[in-house]
Amino acid sequence: MLNAIDEKLKALRPSVFIVVMTILSVVIVLPFLPILHALEEIGGPVGGPSLVEESLVFQFVVAVLLAPLIETLIFQTAPILILRKYSSARPGLIVLVSSLWFAVLHDYDIAYIFYAFLVGLTLAYSYVMYLEKTASAFWVVTAIHALRNLLYLILSNV
């Protein structure tokens with residue numbers, strides 16, 4: 001079943017893929033909400049980056065423009081390309097390593113690390129998939145990340 005989903009995702013045009021993966025990066029968290037809630041009970045409320053004290057323009061520049069560019073470079077491009085070049089790790093392991101790297105460095109609290117790992121899976125999978133395509137893996141993942149952050153920014157300012 002996962003192979004069939006993988007093939008359907010590979011067949012999508014980049015613009016459609018970006019929208020689908022942005023939605024998936026939100027939906028992937030839903031089944032794990034009970035675990036996130038349990039982690040909140042242990043470690044307190046879920047933290048995370050907060051820019052609500054800043055102007056909307058500043059929030060947009062940081063969350064939608066800068067963070068996706070920098071984080072795609074640090075959490076997907078660097079580890080994935082290094083692992084592909086210097087190891088014989090299979091794509092699934094490379095996705096896991098990149099996702100763990102993404103999660104561990106989003107260390108606001110234990111629940112947020114878990115949450116970031118799930119999001120990191122969608123970003124790393126997208127990067128690895130787009131290394132085999134003509135569209136840039138970097139820009140596709142940056143767009144997914146930027147759209148995710150834009151959704152969060154809109155919802156946090158409503």
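Residues numbered from 1 in each chain as written. Predicted model: local features only at pLDDT ≥ 70, side-chain atom pairs only at ≥ 80, totals over all residues. Heavy atoms only, no water.

Trainee: What's the story with the side chain of His106 in this structure? I'm lost.
Mentor: Topologically, His106 is positioned in the loop between α5 (91-104) and α6 (110-130). Polar side-chain contacts of His106 include one of 2.6 Å to the backbone oxygen of Phe102. Those residues in contact with His106 that sit more than four places away from it in its chain are Glu71, Phe75, Tyr112, Ile113 and Ala116. (Helix = DSSP H or I, 4+ residues; strand = E, 2+ residues; numbered from the N terminus. Polar contact = N/O pair within 3.5 Å; in protein donor to acceptor, adjacent residues only side chain to side chain. Contact = heavy atoms within 4.5 Å.)

Trainee: How should the pattern of salt bridges be read in this particular structure?
Mentor: Any two side chains of opposite charge can pair, given that their charged atoms come close. Taken as a whole and judged by the stated rule, the model has two salt bridges. Between Asp6 and Lys10 there is a salt bridge whose closest N-O contact spans 3.2 Å. A residue pair is termed a helical-turn pair when its members lie 3 or 4 positions apart in one helix, as Asp6 and Lys10 do in helix α1 (residues 2-11) at four residues. Judged by relative accessible area, which is 17%, Asp6 ranks as buried. For Glu132, the salt bridge goes to Lys10, with nearest N and O atoms at 3.9 Å. Note that Glu132 is positioned in the loop between α6 and α7 (137-156) and Lys10 in helix α1, a separation of 122 residues in sequence. The network of salt bridges with common partners includes Asp6, Lys10 and Glu132. (Salt bridge = Lys/Arg side-chain N within 4 Å of Asp/Glu carboxyl O. Buried < 20%, exposed > 50% of the residue type's maximum accessible area, 1.4 Å probe, protein only.)

Trainee: Sorry, what's going on with the environment of Leu12 here?
Mentor: Within the secondary structure, Leu12 sits in the loop between α1 and α2 (14-27). Leu12 sits in the partly exposed class, given a relative accessible area of 25%. When the C-alpha atoms of Leu12 and Val140 are compared, they prove to be 12 Å apart, with 128 residues separating the residues in sequence.

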